[in-house]
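Results of the structural survey
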Amino acid sequence: MAEYKLLIGGNLVAGEMTMDVINPATAEPFCTVPRASAAQADAAIAAAKAAVPGWSAIPWAERQASLIALAEAISARKDELARALTMEQGKPLAEAMGELGMTDAYLRHYATLELPDRVIQDDDAGYIAVKHRPLGVVVGIIAWNFPLLVACWKIGPAVLAGNAIVLKPAPTTPVCALILGEICQQVFPAGVVNIITDANDLGPHLTAHPDVAKVGFTGSTATGKRIAASGADTLKRVTLELGGNDPAIVLKDVDIRETAQAIFGNAFFNNGQVCLAVKRAYVHAEIYDAMCGELARLAEAAVVDDGLQQGTQIGPIQNAMQFEKVKGFLDAARADGTIVAGGQVMERAGYFIRPTIVRDVTDGDMIVDEEQFGPILPIIKFDDVEDVIARANASDYGLGGSVWSKDVGRAADIASRIESGQVWVNQHIAIGPHIPMAGFKSSGLGVEQSVEGLAEYTQTQVVNIKR
């Protein structure tokens, strides 16, 4: 069995404690990993602080090259990482390999980004330039749904901008992050990247620490609010990529079979455990019955099994706590609507629930108003476009949304009125490293990805010279 270590100050070290990692396909431990203490968290922050002056002084191109080196080193261990990802997170092996591919693509794109000085005056009177300075120590706290990809979403821009980072994975998915620590030890100077684990106890300690300049967090809205409050005393910069309750508005002119396949794929990707997944589908009354029937057919045909088994399309819920939460949504769906596919907790070991389609529900029902973050899709009937836009926008969330129609112009007009950071036409979860990711309302603060996301890891400075 592999022996995992924390990465602190360039050294791979044991934790002062240990913890088991559960395979969600079996509900049994499959490995033991180190668990850091508060003293080790402090040591990681101190190491990062000590690394910043030297790291920020090296040429930008060398920091870009380090990201290419990181991408290549990850790819060299992709088979090991993909298997570990499936065992700790639950996603099918094919999706795990997809996450590895996305991680590679994001790191390589980050390596092309620059933040050059912007000269806004250069004449006889003076010279004024806008510069981007590194912030210092960054803490990255990541969710359990994409533990490798999101880790590199934090590491890439943080270190490219000249900062050093302390990364904390979710307690239920620490393995890929610890393997990433082994890789980062060989790629970066000591202290530039530090990776520690916890049992959900070190977050407040990290986010309140006076030597931490910024926190980048991906996870729930409730936790994001606590992080923002924790950093308030020291006015930390925060980037919060939080929950979503993404609507898909389906107009009556769509190809039903084709659109149902697209919506199903974007609702049940990673077992629905995606912040940007379709969480509620508003379908025009004229095609409502047909769309519900086609989505139910797809749900019944889906292969749900251990992600390591060939042919698996949907794996288990990632952890016991989320499993119980999703079962609560199933109870609400039975009470408020009609389950036309799925609805069952599978009688086997592990956290398995059949993909579930719920019809005859509406706004105000728990299954519609709250983010399920699991394999349940409510289908809501509408017949008036103005009304459905208002209903889609009534949510406290505003991360993503989509509009589906053969009339692309009309769909684009509707999409422009949806209150979400990302809105798509005839597609969903169409993201990329070159595309800014942001959230309206309770779905987040700041921007991730792209050059705009990179700038969030810097301090703007104006140099103003009188001649």
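Report follows, based on the coordinates. (Residues numbered from 1 in each chain as written. Predicted model: local features only at pLDDT ≥ 70, side-chain atom pairs only at ≥ 80, totals over all residues. Heavy atoms only, no water.)

**Description of the side chain of Ser 395**
Within the secondary structure, Ser 395 sits in the loop between α13 (385–393) and β17 (397–398). Of the residues examined, Ser 395 reaches a relative accessible area of 12% and is grouped as buried. When residues no more than four places from it in sequence are discounted, the contact partners of Ser 395 are Asn 245, Arg 280 and Lys 441. (Helix = DSSP H or I, 4+ residues; strand = E, 2+ residues; numbered from the N terminus. Buried < 20%, exposed > 50% of the residue type's maximum accessible area, 1.4 Å probe, protein only. Contact = heavy atoms within 4.5 Å.)

**Considerations on the sheet that holds strand β14 (residues 338–341)**
Read across the sheet, 7 strands follow the order β14-β15-β16-β13-β12-β18-β19 without closing on themselves; strand pairing throughout is mixed. Across the chains shown, the open sheet's two edge strands, defined by having one partner strand only, are β14 and β19 (422–425). For this sheet, the mean inter-axis angle between neighbouring strands, taken without regard to orientation, is 25°. Pairing between strand β12 (residues 246–250) and strand β13 (residues 278–284): 5 bridges, direction parallel. Residue pairing for β13: Ala 248 is matched across the bridge by Ala 281. (Pairing = 2+ DSSP bridges. Axes fitted to C-alpha atoms, helices over the stretch in contact; angles between N-to-C directions.)

**Here we look at the side chain of Gln 322**
Looking at the secondary structure, you find Gln 322 in helix α11 (residues 320–336). Excluding its chain neighbours within four sequence positions, the residues that come into contact with Gln 322 are Trp 144, Gln 273, Ile 317, Gln 372 and Phe 373.

**Focus: the packing of helix α2 (residues 60–76) against helix α6 (residues 175–187)**
Where α2 contacts α6, the two axes come as close as 10 Å, and the packing angle between them is 140°. In terms of axis orientation, α2 runs oblique to α6. Relative to α6, the crossing made by α2 is right-handed. Across the interface between the two elements, Ser 66, Ala 69, Leu 70, Ala 73 and Ile 74 from α2 touch Leu 180, Ile 183, Cys 184 and Val 187 from α6. The residue makeup of the contact of α2 with α6, split by class, is 8 nonpolar, 1 polar and no charged. (Parallel < 35°, antiparallel > 145°, perpendicular 65-115°, else oblique. Left-handed = near helix turned anticlockwise from the far one by under 90°. Nonpolar A, V, L, I, M, F, W, Y, C, P; charged D, E, K, R; others polar.)

**As for unusual backbone geometry**
Despite not being glycine, Asn 426 has its phi angle at roughly 60°, a positive value. Mapped onto the elements, Asn 426 comes out in the loop between β19 and β20 (437–438). Even without being glycine, Ser 450 reaches a positive phi, approximately 65°. Position of Ser 450 among the secondary structure elements: in helix α15 (residues 450–455).

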